[in-house]
Amino acid sequence: RLLPISFTLPRKRVSFFQDDIFLPTADNQPIMTAEEWFKGDKESVVSYVSLQPEGMVALSEAPEEKLTERQIKYVLKKKAMEAP
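An account of the accompanying structure is given in this report. (Residues numbered from 1 in each chain as written. Predicted model: local features only at pLDDT ≥ 70, side-chain atom pairs only at ≥ 80, totals over all residues. Heavy atoms only, no water.)

## Describing the overall build of the protein
Across its full length, the protein holds two helices and two strands. Reading the protein from its N terminus to its C terminus gives the helix and strand order β-α-β-α. The C-alpha radius of gyration computed for the protein amounts to 23 Å, which surpasses the reference 12 Å derived for 84 residues by more than 25%, pointing to a less compact arrangement than a globule. Its C-alpha atoms give the protein principal-axis dimensions of roughly 70 × 35 × 30 Å. Sequence-distant contacts in the protein: of pairs separated by 6 or more residues, those separated by 24 or more amount to 63%. With the model as given, the accessible surface of the protein reaches about 8400 Å², and the carbon-plus-sulfur share is 58%. Taking the 12 positively charged and 13 negatively charged side chains of the protein as two groups, their mean positions are separated by 16 Å. (Helix = DSSP H or I, 4+ residues; strand = E, 2+ residues; numbered from the N terminus. Rg over C-alpha atoms; globule rule 2.2 N^0.38 Å. Contact = heavy atoms within 4.5 Å. Areas by Shrake-Rupley, 256 points an atom, 1.4 Å probe, with all protein chains shown as cover. Lys, Arg positive; Asp, Glu negative; His and termini not counted. Charge placed at Lys NZ, Arg CZ, Asp CG, Glu CD.)

## Topic: the packing of aromatic side chains
Geometry of an aromatic ring pair is reported as the spacing of the ring centres plus the angle between the planes. Scanning the entire structure with this criterion turns up two aromatic pairs. Measuring from centroid to centroid gives 5.2 Å for W37 and F38, while their planes differ by 75 degrees, and the two rings are edge-to-face. Across the pair, F38 and W37 agree in class, each one exposed. (Phe/Tyr/Trp six-rings, centres within 6.5 Å; stacked < 30°, edge-to-face > 60°. Buried < 20%, exposed > 50% of the residue type's maximum accessible area, 1.4 Å probe, protein only.)

## Some points on helix α2 (residues 69-82)
Taking 1.5 Å as the rise per residue, α2 with 14 residues should run 20 Å; its terminal C-alpha atoms sit 20 Å apart, in good agreement. Among the 14 residues that make up α2, zero are buried, leaving the element largely open to the surroundings. (Expected span 1.5 Å × (residues − 1).)

## Structural notes on a nonpolar patch on the surface
Judged by side-chain polarity, I5, F7, L9, I21, F22, V49 and L51 come together as a nonpolar surface patch covering roughly 690 Å² of accessible area. Here F7 is to be found in the segment before β1 (25-26). Assessed through its relative accessible area of 63%, F7 is described here as exposed. (Patch = residues over 30% accessible without salt bridge, like charges linked within 9 Å, V, L, I, M, F, W, Y side chains within 5 Å. Salt bridge = Lys/Arg side-chain N within 4 Å of Asp/Glu carboxyl O.)

## Let's talk about the side chain of Q18
With respect to the element layout, Q18 can be found in the segment before β1. The class of Q18 is buried, set by a relative accessible area of 9%. Polar contacts involving the side chain of Q18 include one to the side chain of R11, which spans 2.7 Å. For Q18, the residues in contact, after removing those within four places along its chain, are R11, R13 and L59. (Polar contact = N/O pair within 3.5 Å; in protein donor to acceptor, adjacent residues only side chain to side chain.)

## Here's the deal with the environment of D20
Of note, D20 is situated in the segment before β1. The spatial distance from the C-alpha of D20 to the C-alpha of R1 is 28 Å, given a sequence separation of 19 residues. In this view, D20 contacts R11 and L59; residues no more than four positions away in its chain are not counted. Among the polar contacts made by the side chain of D20, one reaches the side chain of R11 at a distance of 2.6 Å.

Here is the structure:
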């Protein structure tokens, strides 16, 4: 029995394609004919397609994000606490 679940995965940089979530998926083309399958052919290669929309940059290729003032303060405070 399958039970559907629903969840929200908040993303900070929504202008980039989330390639860490949407991995390449199997193409919808058959990998062999019925005749090949009945013969027992095992030489099949699954082809994959990217779900990334054309013109959208992948998150893994996005430029590094600049720290906000709040994040900078946090990092500095953390370093000060770690110092002997």
